[in-house]
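Read off the chains here:
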Amino acid sequence: MSQPDIPAGSTAVPAAYVELAVPVFSFGAAVLAILIWTSGIAIDLRFTATGCVIASVLLAYLAWIRPKKDIVALTTPVYAIIFFAVPLDDAVATITLELLYAVSLSILLVRLKSRFGAPVAARVDGTLAGSLGDYVERSQPACACLTPAAAHRAAVAFMRYAAGEYGDVPVESREGILLLDNSGCAPAFKTAFEILAEQAILTEKSRPRPEWYKQFASADEALLARPLPHSCKKNDEEYDEGYDAALDNALLLLFAAAWNASAADRAHLSTAEVFALRIIEG
Amino acid sequence: MKIGNVDVKVSILAIAVFVVFTILLLVASVNSPEVRSQLIWLIPGLFMLLIIPMALNYMSRSQYADITPVYEAEAKTVRIKLINENMIGKPVRIEGVVEKVRFRFLNRPQFIVADRSGEISCKMFTNPDEDIHEHDVVEVLGMVIHRYVAVGDPVINCVSIKRIEKKSSPAKER
């Protein structure tokens, strides 16, 4: 990784704090309104609704940073404005509305966490998340032999495949293989380009899986993100997992090569980080 | 109801709306002479509640029938896991098992289709040619889009979904 001095995984604001802030602000607003009301202080209670509005914005933020978006949570600030923009003269009504709204936000927060997955917060240190970050870091020594030009070809081939532009992948892969000649790099990089090119051609031409296909050698396994299948025999359902595993490993190795040896391509590669993460997490 | 080659289907919701308003009109016309005098407009208006959804369904289904061959020619077969935001706007073909069917009653069914690599929502803006149920093995043709127009995870705007026979994958190690 480019900035090993910065701890991996640090984010601008941890999502857990934001999650905690949703009930704190919403129920806090209601509690504050109750305290003001019971103490008899002559202040307009409606200003306490600001806490509910802030809690709604925070909930919308939590929905926004998840790969799978929850439209209900995203639109809560709109509902907050609709509910609290219209003045209520009765203090009891204001407090009841705030309490019900706080309960609703808490239910939506639980729903968001249980049904819409973990957040992918913007990382401030330029590192990669989770197992993808671990793999890219692990493969860094093996990528030291790569020239920036070869790594750039790896980035382009990976991004072309991610974008579904399969017709362009073989050209980029061939150029990448040429740039790897006499580099002294592990043969796994060349194999990755070959696998990507072969499978891209098959996909582009809508051909069925071939009888024989390119595979990584067992000697390459140390460099691969996912272990090679124990056997490449078809199972009871006539499915051979080796074909898909070869592509997954090829994509991830090229991503790691590009990330480690071509810093200029990182911004572009970041747009496919979720894609790479999905591949590595199976 | 079949119009030309297109099998037009009205959603249960549209029929329910028609039935509710028919009952309301009957009750109102029995109790109010003023309503009875307006029946010449109200009855055609009532039937428009059925005719408009039928016309929309016919138009969307005939358009889907026209573009399906284009997708059959251009769509690439991909694993669900490989579908990502960079593929927005690309025609794809996936094969998998239907895990859930939602919003069928709106004639806007959303199929959750899964293969060995993952699952994805396939949104359809009209009803499909075949009645697709959970656990059916299907082939889906469609375009990768965002779930909410410009944001959200990638989903498939489904143009065609049909049941298929389970195929074998003859692959061996080199």
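Residues numbered from 1 in each chain as written. Chains lettered and ligands numbered in written order. Predicted model: local features only at pLDDT ≥ 70, side-chain atom pairs only at ≥ 80, totals over all residues.

## Some words on the overall build of chain B
Rule in force here: Secondary structure follows DSSP: runs of H or I at least 4 residues long count as helices, runs of E at least 2 residues long count as strands, and numbering of each begins at the N terminus. Radius of gyration here uses only the C-alpha atoms, and the compact-globule reference equals 2.2 Å multiplied by the residue count raised to the power 0.38. Residue burial is a threshold on neighbouring C-beta atoms within 10 Å of the residue's own C-beta, all placed from the backbone, with 20 or more meaning buried, 12 or fewer meaning exposed, and counts in between meaning partly exposed.
Looking only at helices and strands, chain B features three helices and nine strands. Ordered by position in the sequence, the α and β elements of chain B form the string β-β-α-α-α-β-β-β-β-β-β-β. For 174 residues, the compact-globule estimate of 2.2 N^0.38 gives 16 Å, and the C-alpha radius of gyration of chain B, at 21 Å, exceeds that figure by more than 25%. Dimensions along the principal axes, computed over C-alpha positions, put chain B at roughly 85 × 35 × 25 Å. A buried classification covers 25% of the 174 residues belonging to chain B.

## Focus on the environment of Glu-211 of chain A
All names here are of chain A. Considering the arrangement of structural elements, one finds Glu-211 in the loop between helix 10 (187–204) and strand 1 (212–213). Residue class for Glu-211 comes out exposed when judged on the 9 C-beta atoms lying within 10 Å of it. A C-alpha to C-alpha distance of 25 Å links Glu-211 and Ala-225, two positions 14 residues apart in sequence.

## What about the nonpolar core?
Residues and elements named next belong to chain A. The test is simple: Think of a nonpolar core as buried Ala, Val, Leu, Ile, Met, Phe, Trp, Tyr and Cys residues, each tied to the set through C-beta atoms within 7 Å. What counts as a contact is two residues whose backbone-derived C-beta atoms lie within 7 Å of each other.
In this structure, Phe-158, Leu-196, Leu-253, Leu-254, Ala-257 and Ala-258 are the most contacted members of the largest nonpolar core, which totals 80 residues. Per element, the largest residue contribution to this core is 14 residues, and it comes from helix 11 (residues 241–261). Not counting residues within four places of it along the chain, the set of residues in contact with Phe-158 comprises Leu-251, Leu-254, Phe-255 and Ala-258. Formed by 25 residues, the second largest nonpolar core is a distinct cluster that contains Ala-33, Ala-55, Ala-80 and Leu-112.

## Quick notes on the domain arrangement of chain B
Residue and element names in this part refer to chain B. Cut-off, in case you're wondering: The split into domains, and so the bounds of each, comes from an automatic or database assignment of domains. Under the scheme applied, nonpolar residues are Ala, Val, Leu, Ile, Met, Phe, Trp, Tyr, Cys and Pro; charged residues are Asp, Glu, Lys and Arg; polar residues are all the others, including Gly.
According to the domain assignment, chain B consists of domain 1 (2–73) and domain 2 (76–163). Of note, the centres of domain 1 and domain 2, computed from C-alpha atoms alone, are 27 Å apart. In this complex, domain 1 contributes 12 residues to the contact, which on the side of domain 2 involves 10 residues. If you list the elements that add at least two residues to the side of domain 1 that touches domain 2, you get helix 1 (12–31) and helix 3 (39–74). The element best represented in the side of domain 1 that touches domain 2 is helix 3, accounting for eight residues. Grouping the constituent residues of the side of domain 1 that touches domain 2 by class yields five nonpolar, four polar and three charged.

## So, helix 3 of chain B
For an α-helix, the turn length of 3.6 residues means that residues three or four places apart are oriented alike. Residues and elements named next belong to chain B. Note the threshold: Each helix should span, by expectation, one fewer than its residue count multiplied by 1.5 Å. A residue's bend is given by the angle between axes fitted to the 7 residues ending at it and the 7 residues starting at it.
Look at helix 3: 52 Å from first C-alpha to last across 36 residues, which is about the 52 Å you get at 1.5 Å a residue. A maximum bend of about 35° is found in helix 3 at Met-48. The set of residues buried in helix 3 consists of Pro-53, Asn-57, Arg-61 and Tyr-64. Packing partners of the buried residues in helix 3 comprise strand 2 (6–7), helix 1 and strand 8 (151–163).

## Focus: the packing of helix 6 (residues 130–138) of chain A against helix 13 (residues 273–280) of chain A
Residue and element names in this part refer to chain A. The following threshold applies: Lines fitted to C-alpha atoms define the axes, with helix axes restricted to the stretch in contact, and inter-axis angles between N-to-C directions lie between 0 and 180 degrees. Relative orientations are named as follows: roughly parallel for angles under 35 degrees, roughly antiparallel for angles over 145 degrees, roughly perpendicular for angles from 65 to 115 degrees, and oblique for any other angle.
At a minimum axis distance of 8 Å, the contact between helix 6 and helix 13 shows a crossing angle of 90°. Looking at the two axes, helix 6 sits roughly perpendicular to helix 13. Contacts between helix 6 and helix 13 involve Gly-130, Ser-131, Leu-132 and Tyr-135 from the former and Ala-276, Leu-277 and Ile-280 from the latter. Taken together, the residues of the contact of helix 6 with helix 13 sort by class into five nonpolar, two polar and no charged.

## As for the interface of chain A and chain B
Taken together, the contacts link 31 residues of chain A with 21 residues of chain B. Put simply, the parts of the chain that give the side of chain A that touches chain B at least two residues each are helix 10, strand 1, helix 11 and helix 13 of chain A. No other element matches helix 13 of chain A, which puts four residues into the side of chain A that touches chain B. Within the side of chain A that touches chain B, the residues separate by chemical class into 15 nonpolar, six polar and 10 charged.

## Notes on helix 8 (residues 148–162) of chain A
All names here are of chain A. An ideal rise of 1.5 Å per residue puts 21 Å on 15 residues; helix 8 measures up with 21 Å between its terminal C-alpha atoms. Counting buried residues along helix 8, 13 of its 15 residues qualify, which places the element largely inside the surrounding structure. With its phi angle positive at about 75°, Gly-164 sits one or two positions after the end of helix 8.

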